[in-house]
Amino acid sequence: MKTIGIIGGMSPESTALYYQTINRETNQRLGGNSSAEIIMHSVNFETIVQLQKANDWAAAGHLLANSAAKLETAGADLLLLATNTMHKVAPAIERTVRIPLLHIVDATAEAIKQQGLHTVGLLGTRFTMSDGFYTDRMAAQGVRTITPSEAEQHEIHRIIFDELCVNKIQAASAQYFQNVIGSLKTQGAQGIILGCTEICLIVNAQNSALPVFDSTTIHAQAAVNAALAQ
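Residues numbered from 1 in each chain as written. Predicted model: local features only at pLDDT ≥ 70, side-chain atom pairs only at ≥ 80, totals over all residues. Heavy atoms only, no water.

S.K.: Any chance you could explain the packing of aromatic side chains here in plain terms?
M.R.: A ring pair, where both rings are aromatic, is described by two values, the distance of the centres and the angle of the planes. Evaluation of the coordinates by the stated rule reveals three aromatic pairs. Centroid distance Phe-45 to Phe-161: 6.1 Å. Interplanar angle 15 degrees. Geometry classified as stacked. A residue pair is termed long-range when its members are at least 10 positions apart, and Phe-45 in helix H2 (residues 45–53) and Phe-161 in helix H8 (residues 150–162) qualify at 116 residues. The exposure class of Phe-161 is buried, given its relative accessible area of 18%. Between the aromatic rings of Phe-133 and Tyr-134, the centroid separation amounts to 6.2 Å while the plane-to-plane angle is 85 degrees, which identifies the pairing as edge-to-face. With respect to class, Phe-133 is no different from Tyr-134; both count as buried. The positively charged end of Lys-88 is found above the aromatic ring belonging to Trp-57, 5.1 Å away from the centroid. (Phe/Tyr/Trp six-rings, centres within 6.5 Å; stacked < 30°, edge-to-face > 60°. Helix = DSSP H or I, 4+ residues; strand = E, 2+ residues; numbered from the N terminus. Buried < 20%, exposed > 50% of the residue type's maximum accessible area, 1.4 Å probe, protein only. Lys NZ or Arg CZ within 6 Å of the ring centre and 35° of its normal.)

S.K.: Please clarify how the environment of Arg-137 should be interpreted in this entry.
M.R.: Tracing the sequence through the fold places Arg-137 in helix H7 (residues 133–140). The partly exposed category is assigned to Arg-137, whose relative accessible area is 31%. Taking the C-alpha atoms as reference points, Arg-137 and Val-166, separated by 29 residues in sequence, lie 29 Å from one another. Excluding its chain neighbours within four sequence positions, the residues that come into contact with Arg-137 are His-103, Val-105, Asp-106 and Gly-132. (Contact = heavy atoms within 4.5 Å.)

Structure (structure tokens):
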């Protein structure tokens with residue numbers, strides 16, 4: 001079994017889901033009391049949030065690259081960045097370490113294509129939905145993404161940071177997401193990417209009008225695949 005290095009803390013809520021999902025998946029596959037070999041470095045999310053607000057992605061990339069280097073030195077065989085948004089600085093991490101970084105967009109795109117879909121709605125932070133690093137990488141793999149309107153993106157972003165990242169679960173916010181998903185369906189979306197690792201706290205296969213691609217679960221399962229590969 002390879003050792004998974006997790007760059008976490010963005011937010012702690014989603015990082016906990018990663019840890020739980022990876023260990024449950026490992027146990028299901030190996031049986032007994034099996035669990036994953038994991039090394040984690042959890043950053044201060046407030047520092048990351050302030051760098052995002054300042055549009056200082058270079059500093060954010062440097063901070064997360066340092067985190068990756070610590071994990072590599074500690075013995076990680078592969079890396080997982082437990083957040084969608086901060087994959088915007090994935091190149092800075094990849095330049096710093098020799099071990100592979102499992103990219104969340106690649107894992108999610110593969111899951112979508114396995115279902116035979118080609119057009120999906122994308123929900124996430126404002127950066128994920130509008131900055132191009134996510135949608136362009138999806139497009140390069142043959143998956144077209146449809147994003148909500150600017151006003152909807154603003155409200156989704158607010159809900160993520162003001163509520164989900166601090167584990168505030170509001171029924172009205174869940175309904176708002178469901179309404180946005182319904183709108184994306186009318187625009188041609190065949191499925192929906194939960195492109196923020198906290199969205200799964202209020203959107204799931206049971207309450208979505210479209211098939212759901214939960215990037216947190218998909219990414220965590222991809223890490224288990226890599227860790228258990230011969």
